[in-house]
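# Structural characterization, general
Chain by chain, the residues:
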Amino acid sequence: MKIVIAYADGLVADANGCKQFLILTAENGQPTAKELLDMPGFSSTTMLTLMSKTQADVFICGGLGIAMRNALEMLGVVLVPGVTGPAEEAAAKFLVGEQQGDPGILALCREEDPDDPMACMHDCARCAGCGPIRVPEEAKKNLPDVH
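Residues numbered from 1 in each chain as written. Predicted model: local features only at pLDDT ≥ 70, side-chain atom pairs only at ≥ 80, totals over all residues. Heavy atoms only, no water.

On to the nonpolar core, then. Judged by nonpolar contacts, the single largest core of 19 residues is most densely connected at F21, M47, F59, L64 and L72. Those elements that provide at least two residues to this core are β1 (2-8), β3 (20-27), α1 (44-53) and α2 (66-74). The contact partners of L64, leaving out residues within four places of it in the chain, are A15, F59, R69, L72, L79, P81 and I105. Counting 13 residues, the second-largest nonpolar core is a separate cluster that includes I3, V12, L24 and A87. (Core = buried A, V, L, I, M, F, W, Y, C linked by side-chain atoms within 4.5 Å. Buried < 20%, exposed > 50% of the residue type's maximum accessible area, 1.4 Å probe, protein only. Helix = DSSP H or I, 4+ residues; strand = E, 2+ residues; numbered from the N terminus. Contact = heavy atoms within 4.5 Å.)

See below:
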């Protein structure tokens with residue numbers, strides 16, 4: 001199991017703008033390795049790439065934005081937001097099943113909609129919308145031919 005923790009000076013940090021992440025590997029409920037990674041520059045893309053490359057199972061953080069929450073949930077990452085205090089202590093609490101953080105953060109702006117298979121909350125201003133992308137006929141005139 002890989003636990004990724006937003007990290008600043010030994011403490012759990014907010015996900016947004018975080019420049020370091022502590023990655024703990026655990027087997028059978030016991031930590032087996034840890035690594036501190038510096039983020040070359042924060043963006044949602046670099047954070048999602050980090051989660052993917054490290055094959056994160058769990059993400060522990062302080063604050064967490066709604067869009068990042070949705071993206072990480074789509075990746076199947078277990079989220080533990082609203083955590084404060086020492087980062088390694090937060091990981092230890094998670095491993096023994098101790099409740100921590102603020103699970104209410106995960107409920108913010110949540111809407112259940114059976115017509116929204118990606119659970120993207122219909123925030124289509126940030127994507128192409130649900131379903132296939134439809135290119136208007138006018139825009140097709142400017143597209144190059146693909147052979």
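The rest of the description comes next.
Moving on: the pattern of salt bridges. Scanning the entire structure with this criterion turns up two salt bridges. The partner of E89 in a salt bridge is K93, with the nearest N and O atoms 3.5 Å apart. Pair noted here: E89 and K93 are both in helix α3 (residues 87-95), with a separation of four residues, about one helical turn. Accessibility expressed as a relative area gives 26% for K93, which makes it partly exposed. (Salt bridge = Lys/Arg side-chain N within 4 Å of Asp/Glu carboxyl O.)

In this section: the pairing of β1. Buried residues dominate β1, accounting for five of its seven residues. When β1 meets β3, the two strands line up antiparallel, connected through six bridges. Bridging from a neighbouring strand, I5 pairs with L22 of β3. For β1 and strand β2 (residues 11-12), the ladder comprises two bridges, and the chain directions are antiparallel. Across the sheet, residue Y7 finds its bridge partner in β2, namely V12. From the end of β1 to the start of β2, which pair antiparallel, there are two residues, and D9 there has a positive phi angle of about 55°. (Pairing = 2+ DSSP bridges.)

This model, assessed by the stated rule, comprises one aromatic pair. Centre to centre, the rings of F21 and F59 are 6.3 Å apart; their planes meet at 40°, and the pair counts as tilted. With a gap of 38 residues between them, F21 in strand β3 and F59 in strand β5 (residues 58-60) connect regions that are remote in the sequence. As far as the burial class goes, F21 and F59 line up, both buried. (Phe/Tyr/Trp six-rings, centres within 6.5 Å; stacked < 30°, edge-to-face > 60°.)

Linking two cysteines covalently via their sulfur atoms produces the bond known as a disulfide. Scanning the entire structure with this criterion turns up zero disulfides. For C18, which is in no disulfide, the shortest distance to another cysteine sulfur is to C61 and amounts to 9.0 Å. Overall, C18 belongs to the buried group, its relative accessible area being 5%. Taking relative accessible area as the criterion, C61 reaches 0% and is therefore assigned buried. (Disulfide = S-S within 2.5 Å.)

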